[in-house]
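# Overview (structure and organization)
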Protein chains: 2
Amino acid sequence: MALGEFELIDRYFRRPVRRAALGVGDDCALLQPRAGMQLAVSTDLLVEGRHFLSTVAPARLGHKALAVNLSDLAACGAEPLAFTLALSMPAVREDFLAPFAQGLLALADANGIELVGGDTTAGPLSIAITVFGEVPPGQALLRSGARVGDELWLSGTLGDARLALEAFRGQVQLSGEGFEQARRAMELPQPRVALGLALRGIASAAIDLSDGLLGDLGHVLRRSGCGATLYFDALPRSALLAAQPLALQRTCLLTGGDDYELLLAAPAARHDHMLAAANQTGVALTCVGRVEDAAQGLRVLDASGQALNLQGLAAFDHFR
Amino acid sequence: MALGEFELIDRYFRRPVRRAALGVGDDCALLQPRAGMQLAVSTDLLVEGRHFLSTVAPARLGHKALAVNLSDLAACGAEPLAFTLALSMPAVREDFLAPFAQGLLALADANGIELVGGDTTAGPLSIAITVFGEVPPGQALLRSGARVGDELWLSGTLGDARLALEAFRGQVQLSGEGFEQARRAMELPQPRVALGLALRGIASAAIDLSDGLLGDLGHVLRRSGCGATLYFDALPRSALLAAQPLALQRTCLLTGGDDYELLLAAPAARHDHMLAAANQTGVALTCVGRVEDAAQGLRVLDASGQALNLQGLAAFDHFR
């Protein structure tokens, strides 16, 4: 069945708007931000074969495309408001679009946000989403706020998404159950929106982990003019990953990518506030290191206090 | 020379922000909308081979990618504020990126807006831009505002972009000078931002012409619950197009696509206000028809008052 572009948008993506002044279907959407609030904006682009595999179920792809954007809002401590979707795909296939829209809009509903505009076209499968959120002026969590002496924290667990990728690549064998768990981590990341909101005024810096821990921590350190020490054994990991060979654990934890957990810095005096926020939002927070003077650089210590050799552990880069 | 993703963003796209509270380089950009203003948002996606030819100069592609988005703001009567860029390309090529960024940012500068965020990745060449603008509540120009008796107006001239496409396809022969003129229309559309702003409170409805006059007018009529009559001989066209065979003129004018001119409805009593806005902004406005009762449908009359046969003149659709 051949659907035209306009019918396609109507059928799958148009829904009554609740918060926006005007939604999909005019030249622009109209939003009414609350007076005085800052608008947080982020864009992420997902391309088949690079950000997702062709084997992903469309509903999970819809979820993930929005989740990675919401994760950016979470890292800013912004409250999600709305999003736009630019979707390119080879052909109009209802067996793709129906579940894709379902997965996308289910996560939107769970976060109380709506699709306010978009563009669809034929082309290689790619998804560009732009999200908008609100944050009171001066309260956004930034990459630049880490200070010497701050503790470093991670939400959730790291590395299962990379473990799934290694399994898809045939580099590691997992049990059926283990593979499903790892695959869920890769395909259904949970953006830490509530945690980001709870940490406004508590954390001093934040970033969401999309390119791997070392690379993303590097961004925070460069922006903040600091160094850091991480304790490898403290890095939170699933029992599944903890059962893998140590070299694989290092790869998955330190340079895994696709985690969409939050990396946070916070003054040591707010240690208990961090734990209270974790408790309040039901998301585990683990203290994994400390912010140091810039001259210290970035080092990762093992259980015996020896620095790991980080050579060859480069940050994931979508152009390398 | 191989540049990493982050150096790439730095080199070509990061510039000091002036109006935004925080620009490229954190998880989110932060914008501070003026109190009480509505935020107009639009997204357009351009894919190689479908929205532009591989022969386009990168500087012109940069211009066009932003221009088609600014055209949506123009059609809403919104003042441009900022934009994000999601760019996918096969490889990091400086001979592409440098002129692409130059063309993009020159148009941004001309409109007083800044790039506040983005994402770049390897993949098939495609460009998704999201623009933000401000408009006072209730003053946005909508597709739904046309009323029976309104006059219909067009900015600029139509059809040269389609004429260029037909020349590229080998369907029409143009002189060297004629081809360059048509090609400029296709590759360097001028978004009618100042005109859109000047027409707030004057025009009753507006849309920007991206998919062809008949199709886009159809959107306005459906949204407004009206019909319309267009006068074919009144449709504004270049001397170049006027010299082409009549059948080709019809195709280019009525279903051309890629015009990025504004189609407007306005009460007949505001005829002189429309002309004054045209004069003020230096953009020609031509009265080309009238809004009718819905029962009338959409018809196009020739000089003798005969209705043209519109069969076979379908709206351009990026999926057909």
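Residues numbered from 1 in each chain as written. Chains lettered and ligands numbered in written order. Predicted model: local features only at pLDDT ≥ 70, side-chain atom pairs only at ≥ 80, totals over all residues.

### Observations concerning the overall build of chain A
Filter applied, for reference: Per the convention used, a helix needs a DSSP run of H or I reaching at least four residues, while a strand needs a run of E reaching at least two, with both numbered from the N terminus. Here exposure depends only on C-beta density: within 10 Å of a residue's C-beta, 20 or more other C-beta atoms make it buried, 12 or fewer make it exposed, and intermediate numbers make it partly exposed, the C-beta atoms being placed from the backbone. Throughout, a pair of residues is in contact if the C-beta atoms placed from their backbones lie within 7 Å.
If you tally the helices and strands in chain A, you get 10 helices and 11 strands. The principal-axis extents of the C-alpha atoms in chain A amount to approximately 65 × 50 × 35 Å. When burial is assessed residue by residue, chain A has 53% of its 320 residues classed as buried. Relative to all contacts within chain A whose residues are 6 or more apart in sequence, the contacts with residues 24 or more apart total 86%.

### Brief notes about the interface of chain A and chain B
The following threshold applies: Throughout this entry, Asp, Glu, Lys and Arg are counted as charged residues, while Ala, Val, Leu, Ile, Met, Phe, Trp, Tyr, Cys and Pro are counted as nonpolar. The remaining residues, Gly among them, count as polar. For two strands to pair, DSSP has to find at least two bridges joining them.
Every contact between the two is made by 52 residues of chain A and, on the other side, 52 residues of chain B. If you list the elements that add at least two residues to the side of chain A that touches chain B, you get strand E1 (29–31), strand E2 (38–47), helix H2 (58–76), strand E3 (79–89), strand E4 (114–122), strand E5 (126–135) and strand E7 (205–208) of chain A. Looking at which element gives the most residues to the side of chain A that touches chain B, the answer is E2 of chain A, with 9 residues. Broken down by class, the residue content of the side of chain A that touches chain B amounts to 26 nonpolar, 15 polar and 11 charged. The pairing of E2 of chain A with strand E1 (residues 29–31) of chain B spans 3 bridges and is antiparallel. Bridging across to E1 of chain B, Ala40 of chain A finds its partner in Leu30 of chain B.

### Description of helix H5 (residues 176–187) of chain B
To keep things clear, this is the line we draw: An expected span of 1.5 Å times one less than the residue number is assigned to each helix.
The end-to-end C-alpha distance of H5 of chain B is 16 Å, a good match for the 16 Å that 12 residues give at a rise of 1.5 Å each. Within H5 of chain B the residues assigned to the buried category are Gly178, Ala182, Arg183, Ala185, Met186 and Glu187 of chain B.

### Describing the sheet that holds strand E5 (residues 126–135) of chain B
Worth spelling out the cut-off: In this analysis an axis means a line fitted to C-alpha atoms, helices contributing only their contacting stretch, and an angle means the value between N-to-C directions, from 0 to 180 degrees.
On the basis of which strands lie adjacent, the open sheet formed by 5 strands has the order E1(A)-E2(B)-E5(B)-E3(B)-E4(B) and mixed pairing. Each edge of the open sheet is held by one strand with a lone partner, namely E1 of chain A together with strand E4 (114–122) of chain B. Neighbouring strand axes in the sheet, compared pairwise and without regard to direction, differ in orientation by 20° on average.

### Regarding the relation of the copies chain A and chain B
Where we set the bar: To superpose the copies, least squares is applied to the C-alpha atoms of every residue with a pLDDT of at least 70 in both.
With an RMSD of 0.0 Å, the operation that places chain A on chain B is a rotation of 180° combined with a shift of 0.0 Å along the axis. Here the transformation between the copies is reduced to the relation of a two-fold axis. Minimal C-alpha distance to the rotation axis in chain A is attained by Ala35 of chain A, lying at 2.5 Å. Here 100% of the interface residues in chain A have copies in chain B that are interface residues too; the copies meet face to matching face.

### Overview of the pairing of strand E10 (residues 285–293) of chain A
Where a strand is regular, its side chains alternate between the two sheet faces. Residue and element names in this part refer to chain A. Both strand E6 (residues 151–155) and E10 contribute to a ladder of 5 bridges, which runs antiparallel. What sits directly across from Ser155, in E10, is Leu285. Taken together, the 5 bridges between strand E8 (residues 226–231) and E10 define a ladder with antiparallel strand orientation. By the bridge assignment, Gly227 is partnered in E10 with Glu292.

### Description of the environment of Gly156 of chain B
Residues and elements named next belong to chain B. If you trace the backbone, Gly156 turns up in the loop between strand E6 (151–155) and helix H4 (160–168). Separated by 129 residues in the primary sequence, Gly156 and Leu285 have C-alpha atoms spaced 6.4 Å apart. Those residues in contact with Gly156, other than ones at most four positions away along the chain, are Pro236, Glu261, Val283 and Ala284.

### A word on unusual backbone geometry
A positive phi angle is found at Tyr260 of chain A, which is not glycine, with a value near 55°. With respect to the helices, strands and loops of the structure, Tyr260 of chain A is situated in the loop between helix H9 (246–255) and strand E9 (262–266). With a phi angle near 65°, Asp258 of chain B is a residue other than glycine that sits in the positive phi range. Looking at the secondary structure, you find Asp258 of chain B in the loop between helix H9 (246–255) and strand E9 (262–266). In this structure Asp258 of chain B comes out as buried when scored by C-beta crowding, with 24 C-beta atoms within 10 Å.

### Quick notes on the packing of H4 of chain B against H5 of chain B
Residue and element names in this part refer to chain B. The criterion, for reference: If you view the pair so one helix is near and one far, a crossing is left-handed when the near helix is turned anticlockwise from the far one by less than a right angle, and right-handed when it is turned clockwise.
Their axes nearest at 7 Å, the elements H4 and H5 cross at an angle of 115°. H4 and H5 meet at a crossing whose hand is left-handed. Listed contacts from H5 to Asp160, Ala161, Leu163, Ala164, Leu165 and Ala167 of H4 are Phe179, Gln181, Ala182, Arg183, Ala185 and Met186. Across the contact of H4 with H5, the residue classes tally to 9 nonpolar, 1 polar and 2 charged.

### Here's the deal with the sheet that holds E5 of chain A
Across the sheet, which stays open at both edges, the 5 strands sit in the order E4(A)-E3(A)-E5(A)-E2(A)-E1(B) with mixed pairing between neighbours. Looking along the sheet, the strands with just one partner apiece sit at the ends: E4 of chain A together with E1 of chain B. The average angle at which neighbouring strand axes cross in this sheet is 20°, direction not considered. One ladder, built from 9 bridges, connects E3 of chain A with E5 of chain A; its direction is antiparallel. Note on E5 of chain A: the bridge partner recorded for Phe83 of chain A is Val131 of chain A.

### A look at the packing of helix H2 (residues 58–76) of chain B against helix H3 (residues 94–110) of chain B
Residue and element names in this part refer to chain B. The criterion, for reference: In what follows, roughly perpendicular refers to angles from 65 to 115 degrees, roughly parallel to angles under 35, roughly antiparallel to angles over 145, and oblique to any angle outside these ranges.
Interhelical geometry of H2 versus H3 gives an angle of 40° and a closest axis separation of 7 Å. Regarding the angle of H2 to H3, the classification is oblique. Crossing of H2 against H3: the hand is right-handed. Mapping the contact onto sequence places Pro58, Ala59, Arg60, Leu61, Gly62, His63, Ala65, Leu66 and Ala67 in H2 and Phe96, Pro99, Phe100, Ala101, Gln102, Gly103, Leu104, Leu107 and Ala108 in H3. Split into classes, the residues belonging to the contact of H2 with H3 amount to 13 nonpolar, 4 polar and 1 charged.

### A closer look at the domain arrangement of chain A
Residue and element names in this part refer to chain A. Note the threshold: Domain borders in the structure are assigned automatically or taken from a domain database.
Per the domain assignment, the segments making up chain A are domain 1 (5–135) and domain 2 (143–301). With 18 residues of domain 1 at the contact, the number on the domain 2 side is 18 residues. Those elements that provide at least two residues to the side of domain 1 that touches domain 2 are H2 and E3. The biggest single contributor to the side of domain 1 that touches domain 2 is H2, with 12 residues.

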